[in-house]
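Fold and contact review
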Amino acid sequence: ALSAGTASIRAIGKASPGERTMVDCLVPVCDAAASKSAADAKAPITAAAVKDLAETAKTAAIAAKELPAKKGRARYSNGREIGKAEPGCELVVLALEALAAAF
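Okay, so let's go over this structure. Remember, it's a predicted structure, so these values are computed and weren't measured experimentally.

1. Considerations on the nonpolar core
Counting 16 residues, the largest nonpolar core has Cys-25, Ala-57, Val-92 and Leu-96 as the members making the most contacts within it. Secondary-structure elements contributing two or more residues to this core are α2 (23-39), α3 (47-64) and α4 (87-102). It is α3 that contributes the most residues to this core, seven residues altogether. Every residue in contact with Leu-96, bar those within four places of it in the chain, is listed here: Val-29, Val-50, Leu-53, Ala-54 and Ala-57.

Now the structure itself:
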């Protein structure tokens with residue numbers, strides 16, 4: 001479901017990794033989730049697994065701060081966005097942290 005949702009976001013927004021969008025967090029999270037599920041497809045989703053995904057998203061969000069915006073309103077910032085949080089990435093982090101806390 002996570003991969004399908006990310007694919008839809010990418011298609012609708014015509015976004016790719018490296019363009020300073022939430023895709024910059026979603027793709028690494030999807031990759032991490034896929035590698036975890038490939039390692040043990042029958043394992044249930046745990047709070048620890050979701051926390052790991054949240055950490056992956058945090059790392060990606062930090063990296064996205066240094067990217068120049070190529071999509072959305074921030075692309076008109078002429079570089080002033082660099083070093084500041086990307087809102088879509090922050091949303092991904094918060095959603096995963098909330099999901100982990102709900103377990």
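After that view, the rundown keeps rolling.
2. Some remarks on the packing of α3 against α4
The N-to-C vectors of α3 and α4 enclose an angle of 165 degrees; their axes lie 8 Å apart at closest approach. With respect to each other, α3 and α4 are oriented roughly antiparallel. The two elements α3 and α4 meet at a crossing, and its hand is left-handed. Packed against α3, whose contacting residues are Ala-47, Val-50, Lys-51, Leu-53, Ala-54, Ala-57, Lys-58, Ala-61 and Ala-64, the element α4 presents Cys-89, Glu-90, Val-92, Val-93, Leu-96, Glu-97, Leu-99 and Ala-100 at the interface. Residues that form the contact of α3 with α4 fall into these classes: 13 nonpolar, no polar and four charged.

3. Notes on the environment of Leu-67
Here Leu-67 shows up in the loop between α3 and α4. Distance in space between the C-alpha atoms of Leu-67 and Gly-18 is 6.8 Å, their sequence separation being 49 residues. In this structure, Leu-67 is in contact with Gly-18, Arg-20, Asp-24, Glu-81 and Ile-82, ignoring residues within four places of it in sequence.

4. Side note on the state of the cysteines
In total, this model carries zero disulfides according to the counting rule given. Summary of cysteine pairing: Cys-30 is not part of a disulfide, and the nearest cysteine sulfur, belonging to Cys-25, is at 11 Å.

5. Concerning the side chain of Arg-20
Within the secondary structure, Arg-20 is located in the loop between α1 (2-13) and α2. A polar contact is formed between the side chain of Arg-20 and the backbone oxygen of Leu-67, at a distance of 3.3 Å. A distance of 2.7 Å separates the side chain of Arg-20 from the backbone oxygen of Lys-84, its partner in a polar contact. Residues within four places of Arg-20 in sequence aside, it is in contact with Ala-64, Lys-65, Glu-66, Leu-67, Pro-68, Ala-69, Glu-81, Ile-82, Lys-84, Ala-85 and Glu-86.

Conventions and cut-offs
- Residues numbered from 1 in each chain as written.
- Predicted model: local features only at pLDDT ≥ 70, side-chain atom pairs only at ≥ 80, totals over all residues.
- Heavy atoms only, no water.
- Core = buried A, V, L, I, M, F, W, Y, C linked by side-chain atoms within 4.5 Å.
- Buried < 20%, exposed > 50% of the residue type's maximum accessible area, 1.4 Å probe, protein only.
- Helix = DSSP H or I, 4+ residues; strand = E, 2+ residues; numbered from the N terminus.
- Contact = heavy atoms within 4.5 Å.
- Axes fitted to C-alpha atoms, helices over the stretch in contact; angles between N-to-C directions.
- Parallel < 35°, antiparallel > 145°, perpendicular 65-115°, else oblique.
- Left-handed = near helix turned anticlockwise from the far one by under 90°.
- Nonpolar A, V, L, I, M, F, W, Y, C, P; charged D, E, K, R; others polar.
- Disulfide = S-S within 2.5 Å.
- Polar contact = N/O pair within 3.5 Å; in protein donor to acceptor, adjacent residues only side chain to side chain.

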